[in-house]
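# Chains, contacts and geometry: an overview
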Amino acid sequence: MNWVEFAFSTFFGTLRDVLPIVLVIIVFQFLVLRRGLANPARVMAGFVFVVLGMVLFLIGLEMAIFPLGRGMAEQLIDQAIASNNNLAWLSYGWIYLFAFAIGFSTTMAEPSLIAVAVKAGEISGGSVAVTGLRIAVALGVAFGITLGVYRIIYGLPIHWFIITGYIVVVIQTAMAPRKMVPLAYDTGGVTTSTVTVPLVAALGLGLAGAVPGRNPLIDGFGLIAFASLFPIISVLAYAQLSNLMADKKKREVFANEV
C-alpha cells in the first residue's frame, strides 16, 4: 500500500472512529436536552480540525515515529552485540541511557502533563510547583522505561515488576500528604499520551524484535505500564520529600524564635 492509499484509508478510518462521538452529542443535545447548538459553525469546524489532526498524527506515526524507534533500538542492540563485552550490563549501557533520555524528554514535552501541572499549581495556590511536579513525573517515567528495557533485554516476567511497584505505591499512599495522592495517581495516566506512547511503544517493539530470543508480542509490550506506574511513585516521593523539608524548615524557624 502506497502512502496515498494509506492516507485515504486513515482518513476514512478516522471518520468512522469519530462518528460515534458525533452521534452521542447529537442524541443528547437534541433528544435529551432538546436544545440546539450554541455555535454550530464553530463546532463543525472543530470536528473537521480534530479529524484532520488525527489523520496527520497517525500518518506521522507510521512514516516517522515507529520506524525511528525501531531503527534506534535495532542499531543500539547491534552495537551492544558487536561490542562482545563480558559485562552485559555495560554492553547495553547506551540502550539504558537512550531509554532514560527518551522517557524524560518526551514526558517534559507532554501537553497533558503540562496542563495538569499548571492546573495543580493554580488550584494549590502555588504550593505545588509546576516545574518540580513535571520533573518528578519525568524522572519516574524515565526510570520506569529504563527498568522496562532491562526487563525486555533479559526476558524477565513483567508481573513481578508491576506487583512490586504497586506494593510500593500502597505503602507510599499511607505515608504521603493526602492532598498529593490523587494528583500522583492522575499523573500516571497523563504521561502516557500523544508524545510519549508512540516512541515508547516503538522502542519496546524494536528492542523485542532485535534482541535474540525475544517475542515482540510477549516482550515488546509492557513499557507503557512501567511509564504509568513509576510516575506515581516518583510524585509521591516528591511530595514526601517536600513535606519533610517543610517540616524541617518550620522546626528551624521555631528554634531560632525560641
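Numbering of residues starts from 1 in every chain and runs along the sequence as written. Local features are withheld for residues below a pLDDT of 70 in this predicted model, meaning they are given only at 70 or higher, and side-chain atom pairs are given and counted only at 80 or more; totals for whole chains, interfaces and linings count all residues. Based on all heavy atoms of the structure, the side-chain values leave hydrogens and waters out of the count.

## Focus on the confidence of the model for the protein
- Confidence scores labelled pLDDT are given residue by residue by the predictor and lie between 0 and 100. Mean pLDDT for the protein: 81, with 91% of residues reaching 70 or above.
- Strands here mean DSSP runs of E at least two residues long; helices mean DSSP runs of H or I at least four residues long; both are numbered from the N terminus. Across the protein, element-level confidence peaks in helix H7 (residues 158-175) with a mean pLDDT of 92 and bottoms out in helix H3 (residues 88-91) with 55.

## Let's talk about the pattern of salt bridges
- Salt bridges are identified by distance alone: a Lys or Arg side-chain nitrogen within 4 Å of an Asp or Glu carboxyl oxygen. Evaluated as defined, the whole model comprises two salt bridges.
- A salt bridge links Asp17 to Arg16; the nearest nitrogen and oxygen atoms lie 3.8 Å apart.
- Look at Arg16 and you get exposed, because its relative accessible area is 58%.
- Two residues, Glu122 and Lys119, come together in a salt bridge whose shortest N-O distance is 3.7 Å. A simple rule labels every residue: compare its accessible area, found with a 1.4 Å probe on the protein chains alone, to the largest value its type can have, and call it buried under 20%, exposed over 50%, or partly exposed in between.

## Section: the nonpolar core
- Counting residues in each nonpolar core, the largest one holds 44 residues, and the members touching the most others are Ile95, Leu133, Ile145, Val149 and Leu203.
- Listing elements by their share of this core, those giving two or more residues are helix H2 (40-83), helix H4 (93-108), helix H5 (111-123), helix H6 (130-154), H7, helix H8 (181-190), helix H9 (196-210) and helix H11 (223-257).
- Per element, the largest residue contribution to this core is 10 residues, and it comes from H11.
- Not counting residues within four places of it along the chain, the set of residues in contact with Val149 comprises Ile95, Tyr96, Ala99, Leu203, Leu207 and Leu223.
- To qualify as a nonpolar core, a set must consist of buried Ala, Val, Leu, Ile, Met, Phe, Trp, Tyr and Cys residues joined through side-chain atoms within 4.5 Å. If you look at the next biggest cluster of nonpolar residues, it comprises five residues, including Phe6, Val18, Val51 and Val55. Note on definitions: a residue-residue contact is assigned when non-hydrogen atoms from the two residues lie within 4.5 Å.

## Observations regarding the packing of aromatic side chains
- Here is the rule: rings of Phe, Tyr and Trp (six-membered ring for Trp) pair when centre to centre is within 6.5 Å. Planes less than 30 degrees apart are stacked, more than 60 are edge-to-face, and the remainder are tilted. Per the counting criterion, the structure on display carries six aromatic pairs.
- Seen in terms of ring centroids, Phe143 and Phe230 are 5.4 Å apart; in terms of plane orientation they differ by 65°. Their pairing is edge-to-face. Residue Phe143 is found in helix H6, and its partner Phe230 is found in helix H11; the two are separated by 87 residues along the sequence.
- For Phe230, a relative accessible area of 10% puts it in the buried group.
- An aromatic cluster is built from Phe143, Phe161, Phe226 and Phe230, whose rings are joined through pairwise contacts.

## Section: H4
- Here the expected length of a helix is defined as 1.5 Å per residue gap, with one fewer gap than residues. An ideal rise of 1.5 Å per residue puts 22 Å on 16 residues; H4 measures up with 23 Å between its terminal C-alpha atoms.
- Inspection of H4 places Ile95, Tyr96, Ala99, Ile102, Gly103, Thr106 and Thr107 among the buried residues, and these make up the whole buried set. Down the axis, H4 shows its buried residues gathered within 135° of arc, on one side only. The arc in question is the one traced by the directions running from the helix axis out to the C-beta atoms.

## Some words on the environment of Lys249
- With respect to the secondary-structure elements, Lys249 resides in helix H11.
- We classify Lys249 as exposed; its relative accessible area is 58%.

## Things to note about helix H1 (residues 3-32)
- The terminal C-alpha atoms of H1 lie 42 Å apart, and with 30 residues this matches the ideal 44 Å at 1.5 Å per residue to within 8%.
- To get the bend at any residue, fit one axis to the seven residues that end at it and another to the seven that begin at it, then take the angle between the two axes. The principal kink in H1, of about 30°, is found at Val18, preceding the proline Pro20 by one to four residues.
- Within the span of H1, buried status applies to Phe6, Thr10, Gly13, Thr14, Val18 and Gln29.
- Immediately beyond the C-terminal end of H1, within one or two residues, lies Arg34, with a positive phi of roughly 60°.

## A look at the side chain of Thr187
- Of note, Thr187 is situated in helix H8.
- Its relative accessible area of 0% is what places Thr187 among the buried residues.

## Topic: the packing of H5 against H6
- Comment: axis = line fitted to C-alpha atoms, over the contacting stretch for helices; angle = value between 0 and 180 degrees taken between N-to-C directions. The geometry of H5 relative to H6 is characterised by a closest axis approach of 9 Å and an angle of 140° between their N-to-C directions. With respect to their mutual orientation, H5 and H6 come out oblique. In this structure, the crossing between H5 and H6 has a hand that is right-handed. For the pair H5 and H6, contact is made by Leu113, Ile114, Ala117, Val118, Ala120 and Gly121 and by Val130, Leu133, Arg134 and Val137, respectively.
- Classification convention: Asp, Glu, Lys, Arg as charged; Ala, Val, Leu, Ile, Met, Phe, Trp, Tyr, Cys, Pro as nonpolar; all other residues, Gly among them, as polar. Taken together, the residues of the contact of H5 with H6 sort by class into eight nonpolar, one polar and one charged. The cut-offs work like this: below 35 degrees is roughly parallel, past 145 is roughly antiparallel, 65 to 115 is roughly perpendicular, and the gaps in between are oblique. When the near helix sits turned anticlockwise from the far one by under a right angle, the crossing is termed left-handed; a clockwise turn instead gives a right-handed crossing.

## Some remarks on the environment of Ser9
- Within the fold, Ser9 resides in helix H1.
- Sequence separation between Ser9 and Val55 is 46 residues, and the spatial gap between their C-alpha atoms is 9.5 Å.

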